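These are the residues of each chain, in order.
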Amino acid sequence: MIARVGVVIAALALGAPALAGNLSEIEAEALALINAHRAEAGCSALKPQSQLIDAARGHANAMATQDFFSHTSKNGTKFGNRVRASGFKGRKLAENIAAGQSSAAEVVDMWMKSAGHRKNILTCALTHTGIAMAYQPDDEVIPGQPHAMRYYWVQDFGRQ
């Protein structure tokens, strides 16, 4: 494996300050698009939650720096365990991941076209979220993928 310079979180990559709830501008944009879809479906808006953001950000960074794309970490940790380790005490957990989409609109569009991801977004019982995007400018090609992904997205959901 090539030594990494490091992952640049979206807020740093875009030169944007962190917004309310510790979301970068691009992450907040994705959440706004997701909440628009939820409103159309009659669901309340997802609220950013700091522990879910931490869990999502940690997994997005791990995928970017460790060259993998999965709900399961390279050490075998499942998303529910990552969310619990972040300190989140809620229930009814779910996770969406994506890679390769360079904009909020692209990732939300992809998630809405996927039955499982769409179900997570439109489950009204889920009330809180953490969303993160990690950018890896010197990303390596993951086996089975046609090119380097560079952008890694994670959205964790829960109910408090």
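In this report, we go over the structure that sits alongside the text. (Residues numbered from 1 in each chain as written. Predicted model: local features only at pLDDT ≥ 70, side-chain atom pairs only at ≥ 80, totals over all residues. Heavy atoms only, no water.)

## Section: the packing of helix H2 (residues 25–40) against helix H5 (residues 104–113)
How two helices pack is summed up by the angle between their axes together with the distance between the axes. Which entries qualify depends on this criterion: Fitted lines through C-alpha atoms give the axes, limited to the stretch in contact for helices. The angle between two N-to-C directions lies from 0 to 180 degrees. Secondary structure counts use DSSP, requiring at least four H or I residues in a row for a helix and at least two E residues in a row for a strand, with both numbered from the N terminus. Left-handed describes a crossing in which the near helix is turned anticlockwise from the far one by less than a right angle; the clockwise case is right-handed. The contact definition used throughout considers only heavy atoms, calling two residues in contact when any of these lie within 4.5 Å. When residues are grouped by polarity, Ala, Val, Leu, Ile, Met, Phe, Trp, Tyr, Cys and Pro land in nonpolar, Asp, Glu, Lys and Arg in charged, and all others, Gly among them, in polar.
In the contact formed by H2 and H5, the axes pass within 9 Å of each other and the chain directions differ by 35 degrees. Every pair of crossing elements has a handedness; the one defined by H2 and H5 is right-handed. Contacts from Ile-26, Glu-29, Ala-30, Leu-33, Ile-34 and His-37 in H2 reach Ala-104, Ala-105, Val-108, Trp-111 and Met-112 in H5. For the contact of H2 with H5, a count of residues per class yields 9 nonpolar, 1 polar and 1 charged.

## So, the state of the cysteines
The line we're drawing: Defined by distance alone, a disulfide is two cysteine sulfur atoms within 2.5 Å. Working definition: with a 1.4 Å probe on protein chains only, accessible area under 20% of the residue-type maximum means buried, over 50% means exposed, and in between means partly exposed.
In this structure the tally under the stated criterion is 1 disulfide. Each sulfur in the disulfide pair Cys-43 and Cys-124 lies 1.9 Å from the other. Where Cys-43 bonds to Cys-124 through sulfur, the torsion about that S-S bond is close to -75 degrees, and the disulfide is left-handed. Residue Cys-43 is located in the loop between H2 and strand S2 (47–48), and its partner Cys-124 is located in the loop between helix H6 (115–121) and strand S4 (128–135); the two are separated by 81 residues in the primary sequence. Cys-43 gets classed as buried once you look at its relative accessible area, which sits at 7%. Classification of Cys-124 as partly exposed rests on a relative accessible area of 37%.

## Focus on the nonpolar core
Filter applied, for reference: Within this scheme, the nonpolar core is defined by two criteria: the residues are buried Ala, Val, Leu, Ile, Met, Phe, Trp, Tyr or Cys, and they are joined through side-chain atoms within 4.5 Å.
Ile-34, Trp-111 and Trp-153 are the most contacted members of the largest nonpolar core, which totals 20 residues. Residue contributions to this core peak at 5 residues, all from H5. Among the nonpolar cores identified, the runner-up in size contains 14 residues, and Ala-56, Ala-99, Ala-132 and Val-154 belong to it.

## Overview of the pattern of salt bridges
Condition: Any Lys or Arg side-chain nitrogen found within 4 Å of a carboxyl oxygen on Asp or Glu counts as a salt bridge.
Enumeration according to the criterion identifies 3 salt bridges in this entry. Taking the shortest distance from any N to any O, the salt bridge between Glu-95 and Arg-82 comes out at 3.0 Å. Placement of the pair is Glu-95 in strand S3 (residues 91–99) and Arg-82 in helix H4 (residues 79–85), with a sequence separation of 13 residues. Grouping residues by exposure puts Glu-95 and Arg-82 together as buried. Taking the shortest distance from any N to any O, the salt bridge between Asp-109 and Lys-113 comes out at 3.0 Å. Remark: Lys-113 and Asp-109 occur in helix H5; sequence separation between them is 4 residues, near one turn of the helix. A relative accessible area of 67% places Lys-113 in the exposed class.

## A word on H5
The cut-off we apply is this: Directions pointing from the helix axis toward each C-beta atom define the arc.
Every buried residue of H5 is accounted for by Ala-104, Val-107, Val-108, Trp-111 and Met-112. One side of H5 holds all its buried residues, which, seen down the axis, span an arc of 130 degrees.

## Some remarks on the side chain of His-128
Threshold: Any pair of nitrogen or oxygen atoms within 3.5 Å is treated as a polar contact; in protein, a donor-acceptor pairing is required on top of that, and neighbouring residues in sequence qualify only through side-chain atoms on both sides.
With respect to the secondary-structure elements, His-128 resides in strand S4. His-128 sits in the buried class, given a relative accessible area of 12%. At 2.7 Å, the side chain of His-128 and the side chain of Thr-127 are in polar contact. Those residues in contact with His-128 that sit more than four places away from it in its chain are Leu-46, Lys-47, Gln-49, Leu-52, Asp-156, Phe-157, Gly-158 and Gln-160.

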